[in-house]
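Understanding the architecture of this molecule
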Amino acid sequence: MNKKTKIPFVAGNWKMHMTIPEARELASKIVKSSVGLSEAEIVVAPPFTALSEVMKVLEDSSVQLSGQDLYWEEKGAFTGEISASMLKNAGCQYVIIGHSERRQYFGETDSGVNKKIKAALQHDLFPIVCIGESLEEREKGETMGKVARQIEKGLDGLGSNDFERVIIAYEPVWAIGTGKTATPAQAEEVQAFIREKLASRYGKDPASCAIIIYGGSVKPENSYDLLSEKNIDGFLVGGASLEAESFIRIIEQAIKAFKEKK
Ligand code: PEP
């Protein structure tokens, strides 16, 4: 991998939205408005059908492309699936892995997440690995246990070199698409724990450089306060990334908060 990822890191997950013309239009608006925002790593994750066309729009900009998922096999009879090399070939630099919607609705497991991370790394893609607890787990006091398990199983067998290229997205399931954001203190508590957990696996220095982002109803109004927290390096944004204006305002707030806490 020939590129060091920047902080703040802000990725927009377009989920199952956007036809090709709509995706092109949104990407063009983001590219235009992102000209003065090169301090941040800006990433968009359109649906598979729009990847190549969005790539054409991003070509001369600093905005990067991400897949929303992949399958770990290289090729073969896996109807409906997309491989890491296909994503790379379409122009992706990143791939989201283990999103809670994949875990909840499509039966994704930690061991599958682990295989997907390894496939991404083998093909020079930076994995954005999503972890987080459900409302029930939070209420039972199981949040830390859950994220610790997801880290242990998801990153199983990954050495320090691999780990340097992994972005962790803490996304409490109860905050995704619900309008209920974790408070900055709630997010920071878990993200600090994640960094400690990474330090115990990979050492203090590598863990202090790890990129740990937050996701769950991030909006322009809450992004400054969230990113002001010590262990929040950026965002994975769903709903608010579907409009260029709100996505760009989140990036601006993230840059402002990041500069002030440095
Ligand atoms: C997401 O899709 O990862 C997400 C955090 O969605 P939203 O911002 O809509 O909660």
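A brief structural summary.

Some details on the site of the ligand
- As a matter of local geometry, the ligand sits amid 14 residues, with Lys-15, Glu-171, Gly-177, Ser-217 and Gly-238 nearest to it.
- Within the side chain of His-99, a nitrogen or oxygen atom sits 2.8 Å from an oxygen atom of the ligand.
- Glu-171 places a polar side-chain atom, nitrogen or oxygen, 2.7 Å from an oxygen atom of the ligand.
- Considering the ligand on its own, with 290 Å² of exposed area, one finds that the protein chains cover 96% of that surface.
- Partitioned by chemical class, the residues of the shell around the ligand number four nonpolar, eight polar and two charged.

Describing the sheet that holds strand β4 (residues 94-97)
- Here we have eight strands rolled up into a closed barrel, ordered β1-β2-β3-β4-β5-β6-β7-β8, and parallel in their pairing. The average angle at which neighbouring strand axes cross in this sheet is 25°, direction not considered.
- Sheet strands in contact with helix α9 (residues 184-202) are β5 (126-131), β6 (167-170) and β7 (211-215), and its direction is about 150° off that of β7.
- Set on the sheet, helix α12 (residues 244-261) makes contact with β1 (9-13), β2 (41-45) and β8 (234-237); between it and β1 the angle comes to about 165°.

Re the nonpolar core
- Ranked by size, the top nonpolar core spans 69 residues in total, and within it Ile-30, Leu-155, Ile-194, Leu-198, Tyr-214 and Phe-235 carry the most contacts.
- Considering every element that reaches this core, the biggest residue donor is α12, with nine residues.
- Ignoring sequence-local partners within four residues, the contact set of Leu-198 consists of Ile-151, Leu-155, Phe-163, Ile-168, Gly-203, Ala-207, Ala-210 and Ile-212.
- Listed in part, the 14 residues of the second largest apolar core include Ala-45, Ile-96, Ile-128 and Ile-213.

Some remarks on helix α5 (residues 110-122)
- An ideal rise of 1.5 Å per residue puts 18 Å on 13 residues; α5 measures up with 18 Å between its terminal C-alpha atoms.
- Taken residue by residue, α5 has Asp-110, Gly-112, Val-113, Asn-114, Lys-116, Ile-117, Ala-119, Ala-120 and Leu-121 as its buried positions.
- Those residues of α5 that are buried lie in contact with α3 (84-89), β4, α4 (100-106), β5, α7 (143-154) and α8 (160-163).
- Positioned one or two residues after α5, Asp-124 has a phi angle of 65°, which is positive.

Description of the side chain of Gln-191
- Looking at where Gln-191 falls in the secondary structure, it is placed in helix α9.
- From its side chain, Gln-191 meets the backbone oxygen of Ile-212 in a polar contact 3.4 Å long.
- A polar side-chain atom of Gln-191 sits 3.0 Å from the main-chain carbonyl oxygen of Asn-231.
- Contacts of Gln-191, omitting those with residues within four sequence positions, involve Tyr-170, Ile-212, Ile-213, Tyr-214, Asn-231 and Ile-232.

What counts and how
Residues numbered from 1 in each chain as written. Predicted model: local features only at pLDDT ≥ 70, side-chain atom pairs only at ≥ 80, totals over all residues. Heavy atoms only, no water. Near = heavy atom within 4 Å. Polar contact = N/O pair within 3.5 Å; in protein donor to acceptor, adjacent residues only side chain to side chain. Areas by Shrake-Rupley, 256 points an atom, 1.4 Å probe, with all protein chains shown as cover. Nonpolar A, V, L, I, M, F, W, Y, C, P; charged D, E, K, R; others polar. Pairing = 2+ DSSP bridges. Helix = DSSP H or I, 4+ residues; strand = E, 2+ residues; numbered from the N terminus. Axes fitted to C-alpha atoms, helices over the stretch in contact; angles between N-to-C directions. Contact = heavy atoms within 4.5 Å. Core = buried A, V, L, I, M, F, W, Y, C linked by side-chain atoms within 4.5 Å. Buried < 20%, exposed > 50% of the residue type's maximum accessible area, 1.4 Å probe, protein only. Expected span 1.5 Å × (residues − 1).

Fair warning: the whole summary comes from geometry, so function is off the table for now.
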